[in-house]
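Examination of the molecular architecture
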Amino acid sequence: MRLLTMFFLLITVPLFSVSFYEIEAALDASSGVINAIMTVDWFNDTDCVATSVSFFLYPNLLKEKNPKLSNLAQSQAYPLGFDPGFISIKTVRIDNDEEIGYEMDKAPVLFEQRYSTENTLLRIKLPYLVHPQESVRLIIHFSTKFPVTSFGDNTRLGDVYIWRFAWYPVELAKQNTFAFKPHRWRLRLHLPEGFEAITTGELSNDGWIDSHIPLVSCPIILSKVHELYSLSDGDRVVEVYHLKGQESKARQLATYALETLKYYEERYGKLDYSTIRIVQDLPSGLFGMAADGVVLLGDGAFTTADLVVPGLIDPTLHFLLAHELAHLWFGIGVECDFSSANHLSESLAQYVAVEMMESVYGYRHNLFNVEIPDILVRNLRSQLLLDSWTEQAVYQYGALLRDGLDGPAAIRMGEGYYNSYATLWYEKGLLAMRNLEVGINKEKLQRTLKLYYERYRHQAVEEEAFLDTLFEVAGSEAIDLYTRLFKDSGPVDYDVRADANKVRIENGGGNDVPVEVFVTFTDGSTELSVVTGDATLTFAKDVAKVSVDPLRKSLDHNRFNNHYPRLIVNELDPSKGEKKWKTSVLDSLRVYPVTTLTTDASGNVVTLTGAGIECFDRWRVAFGAQLTLEMSESDLSGVRLARSDCFFQGWYKLNSYLQGSLFALSSTGNSSSFAYGFFKGEFFLSLPESLDFGYVAPFKVARWGLGCYGSLSTSGYGLGSYVVFDNTAITGSLIMGRLNLTSEGYATPTWSGLLEGFQGWRYGPIGLSLRGGAAFNEAVRLLDFDLSDFLPTPDHYVRTEGSIICFAQQSTRQTAYNLIALRGMGLSVKYGYLKSWSPAHDVYSFGMSIVPQLYTLMDSPIMLAFQFMVYSVDGAEPEMLVGIGSGLDDLIHTQNSMW
Ligand SMILES: [Zn+2]
């Protein structure tokens, strides 16, 4: 230690007026702990005399379990059961090795959670005063425990340790902000055999890694399993750390990274990291996380990226990386307060990434590579609805508005609803940035961003820094517009009409922001203007077409009324294929063919064929013929038309909580059916509640689902309702009930119904569940098998079931025939008992299921189980049943354990 300190003295020339952290750390892989001695040359950059120095102890936020969530819900984050992460301070000493006192406290601002907040601040009392512009040397001996989690950060999984920010005590930029104070650091690691360190900065011969510049943090990834692929374009070096066998993905990502870095550097200024490192993270999903000079990408960008159709999601990978790399300028490069001004990180990163994507891939179709000559891709192309980043943004923001979750794009942590933050910062923020571009012009916005980066890089700034830069480049009007776009949550909804040479534009929303208006005249010439609020434009020529905000560069959420004449895309006409492809579903009404095939109870094929019209995701109506075809078993050509009816279908969605539909069928006359009319209506209501999940703001979610349905025909009527109370996130329980009233041929109606309950618990890889239910006049079901073919429907029955499921998972995934990827396997053992009355039976059953944890295209999980059950009725010889499909218990446990 003495040697270390002496060596250190020689090089402490304060190049930057920032604190200097020197960390010598050793990893103990058996306990998941890093033991370290950190020497901080703390620099007083304030105007006041310092009597104490405070450090944020981030790892202690992971010490306690979230008390608001059930252990079932937490098992996704903790595959082996809850494992605390924490930091313990052993000693604090000052310059001359003398131990000094310190106290532990609660940090004044805690990023997002309201539990495990104790001991998150280390306050060191200085034995003497430190005047402005003076330094003091503090030596802190600490150890940090890495918890086993599937967060992808602040974690260890298998032989991989990852911690981006503050695994060591770090000073906050200001007492009441959640921004780390940039500091210069040197790091020397002592790692067990086989481990390699990935961090930022440069390694010198003596084993020290030096940041050279003040950084937000010293990110570390310690791994035994990553391999390196490195690529340089002469100016920049990109290193991709990937798992075995993923080198081709690493090569691809390296080229995206170099291309993106070059693009950004030309626009937003030079980076000063010598090397950019991209690391394959282990949890599934298409996610990314950025730190100084380091980007983590979810395993979805590697292991599962090429499943089914290799290359299909390439543009998405490019975007994912582009968003994270953008943080090296905005969010990390210029650090902002992540709890009060996170839009200056996320909205800016999203804006520059989408701007780059549009320049490379075009304004539409920049999510998927739909040019791949593959039949599946061609089918997808006819299905793909929202396939650009801006359509996604408009749609998601619109959905937020409909659900009553809207807020300002610059929402602060603690305001509004926690589950609206991501859409507000990323999607609404992206649209707000694009709208700012329309208002002040693109060149000025790009210049603002560049100046902001060059002036404030490697500093933690407040929102004023951005506003000052914006003011300097674009004046006070730009500030007013920024305020309207980011602080005002009033909606924007432009409407347009045209008559001869006049165009009338009206904003039905309360927030008047500038929009582009693209006019096409009858002679084929065009003109682009910018309008703010209600306006009438008069031209010298007659107007043929008008589009308000054609490139989705505003906060306008309702886009159907942005066009004159309104856009109607007729998909029934095959010659309009290209138009269908070029026009967004958000902007147009779609007329489309309806074709479905199902089978009825007697095995006949039922087909609906006709036409529909849809206003995307809000309402649709369809009508046509329903044909029932009877197949002759002996002769495949013997298809007979058994019935033909006319159908009408209507569907309406008010928001995520209230939806309804109506289906009507009437005989065409040439039917042998006894039913001459049939109506079926359904409506679904869920009740949103404001729930506390332990975070800084409540969530608005629905636990209660209610549904009603009714049918009426000449052969009888039926009424039904159901209720679901899904409380698995809080207590691990779920209750559902159903009640039906049916009348055949208008005879005395009969009631039937059931009530079921589920309770699940989770202890690391082991899950337990109990289920029970009671029913009357309902078909018999036991362990999710339908026994109605074997047992007559009783008047009443009760059943009880218990199961234990055990998961074996691997930290790295494996693919099978490029169709699916496998994380692990669950094996469940079940026992069930059912008792029925009139007729009276006792049924005992024993079941098992195998539940593979599978993922496919876009890294989406597949819920599938192979079930097996033996049962015995009244002690008779047991019978066996096998089936495919998830039981409720397997489904709930699997959903809560896939990561
Ligand atoms: Zn981001």
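Here's the deal with the environment of Glu527
- Looking at where Glu527 falls in the secondary structure, it is placed in strand 27 (residues 526-532).
- Classification of Glu527 by relative accessible area gives partly exposed; the value is 37%.
- For the pair Glu527 and Phe539, spaced twelve residues apart in sequence, the C-alpha separation works out to 9.9 Å.
- With residues up to four places along the chain from it excluded, the contact list for Glu527 reads Val517, Phe518, Val519, Phe521 and Phe539.

With respect to the coordination of the zinc ion
- Surrounding the zinc ion are the protein donor atoms His323 (NE2), His327 (NE2) and Glu346 (OE), which sit 2.0 to 2.1 Å from the metal.
- Of note, the zinc ion draws all its donor residues from one chain, in the sequence arrangement H-x3-H-x18-E. Of the two residues, His327 is situated in the loop between helix 4 (314-326) and strand 21 (330-331) and Glu346 in helix 5 (residues 343-361); the sequence distance between them amounts to 19 residues.
- Residue His327 is classed as buried on the basis of its relative accessible area of 5%.
- Residue classification places Glu346 among the buried positions, given a relative accessible area of 10%.

Re the pattern of salt bridges
- One pass over the full model with this rule turns up 60 salt bridges.
- For Glu266, the salt bridge goes to Lys262, with nearest N and O atoms at 3.5 Å. Of the two residues, Glu266 and Lys262 both sit in helix 3 (residues 247-268), four residues apart, roughly one turn of that helix.
- Residue class for Glu266 comes out exposed when judged on its relative accessible area of 53%.
- Overall, Lys262 belongs to the partly exposed group, its relative accessible area being 41%.
- Where Glu506 meets Arg504, a salt bridge forms, and the shortest distance between an N and an O atom there is 3.3 Å.

Details of the packing of helix 4 against helix 5
- At their nearest, the axes of helix 4 and helix 5 sit 8 Å apart, and the two run at 140° to each other. When the axis of helix 4 is compared with that of helix 5, the two are oblique. The two elements helix 4 and helix 5 meet at a crossing, and its hand is right-handed. Taken together, the residues of helix 5 that come into contact with helix 4 (itself represented by Pro315, His318, Phe319, Ala322, His323 and Ala326) are Glu346, Ala349, Gln350, Val352, Ala353, Val354, Met356, Met357 and Tyr361.

Focus: the sheet that holds strand 16 (residues 227-232)
- The strand order across the open sheet built from five strands is 16-17-18-20-19, with neighbouring strands paired in mixed fashion. Either end of the sheet is taken by a strand with one partner, and the two such strands are strand 16 and strand 19 (288-291). Each strand of the sheet is rotated relative to its neighbour by a mean of 20°, with strand direction disregarded.
- Helix-sheet contacts for helix 4 involve strand 18 (275-280), strand 19 and strand 20 (294-297), and the interaxial angle to strand 20 is about 150°.

Regarding helix 8 (residues 421-440)
- In this model helix 8 runs 26 Å from its N-terminal to its C-terminal C-alpha over 20 residues, within 8% of the 28 Å that 1.5 Å per residue would give.
- Where helix 8 bends most, the angle comes to about 35°, and this point is Gly429.
- By the criterion of burial, helix 8 is predominantly enclosed, with 17 of the 20 residues buried.
- Looking one or two places after helix 8, you find Asn441, whose phi comes out positive at around 80°.

With respect to the domain arrangement of the protein
- Entries for the protein in the domain assignment read domain 1 (1-192), domain 2 (226-328), domain 3 (330-491), domain 4 (494-554) and domain 5 (763-899).
- Distance from the C-alpha centre of domain 3 to the C-alpha centre of domain 5: 45 Å.

Some details on the packing of helix 3 against helix 4
- Contact geometry of helix 3 with helix 4 gives a least axis separation of 9 Å together with a crossing angle of 50°. The pairing of helix 3 with helix 4 is recorded here as oblique in orientation. Like other packed secondary-structure pairs, helix 3 and helix 4 cross with a definite hand, here right-handed. Together, Lys249, Gln252, Leu253, Tyr256, Ala257, Glu259, Thr260, Leu261 and Tyr264 of helix 3 and Asp314, Leu317, His318, Leu321, Ala322, His323, Leu325 and Ala326 of helix 4 make up the contact between the two elements.
- The residue inventory of the contact of helix 3 with helix 4, partitioned by class, reads ten nonpolar, four polar and three charged.

A look at the packing of aromatic side chains
- For the coordinates displayed, the defined rule picks out 41 aromatic pairs.
- Consider the rings of Tyr264 and Trp329, whose centres lie 5.3 Å apart with planes at 80°: the pair is edge-to-face. Of the two residues, Tyr264 sits in helix 3 while Trp329 sits in the loop between helix 4 and strand 21, which places them 65 residues apart along the sequence.
- Judged by its relative accessible area of 0%, Tyr264 is buried.
- An aromatic cluster is defined as three or more aromatic residues linked by ring pairs; in this entry it consists of Tyr263, Tyr264, Tyr268, Trp329, Phe330, Tyr452, Tyr453, Tyr456, Phe466, Tyr482 and Phe486.
- Seen from the ring of Phe86, Lys63 lies directly overhead, with NZ or CZ sitting 5.5 Å from the centre.

Brief notes about the pairing of strand 47 (residues 841-856)
- As defined by bridge partners, strand 46 (residues 820-837) adjoins strand 47 across 15 bridges and the pair is classed as antiparallel. Paired with Ser828 across the bridge in strand 47 is Ser849.
- The turn linking strand 46 back onto strand 47 is made up of three residues, and Ser838 within it adopts a positive phi angle of 40°.
- As paired strands, strand 47 and strand 49 (residues 866-873) are joined by eight bridges and run antiparallel to one another. Within the sheet, the bridge partner assigned to Phe846 lies in strand 49 and is Val870.
- Inspection of the sheet shows strand 47 paired to strand 48 (residues 860-862) by three bridges, in the antiparallel sense. Bridging across to strand 48, Leu854 finds its partner in Ile862.
- Between strand 47 and strand 48, which follow one another and run antiparallel, lie three residues, and Met858 among them has a positive phi close to 65°.

Rules and cut-offs
Residues numbered from 1 in each chain as written. Predicted model: local features only at pLDDT ≥ 70, side-chain atom pairs only at ≥ 80, totals over all residues. Heavy atoms only, no water. Helix = DSSP H or I, 4+ residues; strand = E, 2+ residues; numbered from the N terminus. Buried < 20%, exposed > 50% of the residue type's maximum accessible area, 1.4 Å probe, protein only. Contact = heavy atoms within 4.5 Å. Donors = N, O, S within 2.8 Å, 3.2 Å for Na, K, Ca; no water. Salt bridge = Lys/Arg side-chain N within 4 Å of Asp/Glu carboxyl O. Axes fitted to C-alpha atoms, helices over the stretch in contact; angles between N-to-C directions. Parallel < 35°, antiparallel > 145°, perpendicular 65-115°, else oblique. Left-handed = near helix turned anticlockwise from the far one by under 90°. Pairing = 2+ DSSP bridges. Expected span 1.5 Å × (residues − 1). Bend = angle between axes of the 7 residues up to and from the residue. Domains from an automatic or database assignment. Nonpolar A, V, L, I, M, F, W, Y, C, P; charged D, E, K, R; others polar. Phe/Tyr/Trp six-rings, centres within 6.5 Å; stacked < 30°, edge-to-face > 60°. Lys NZ or Arg CZ within 6 Å of the ring centre and 35° of its normal.

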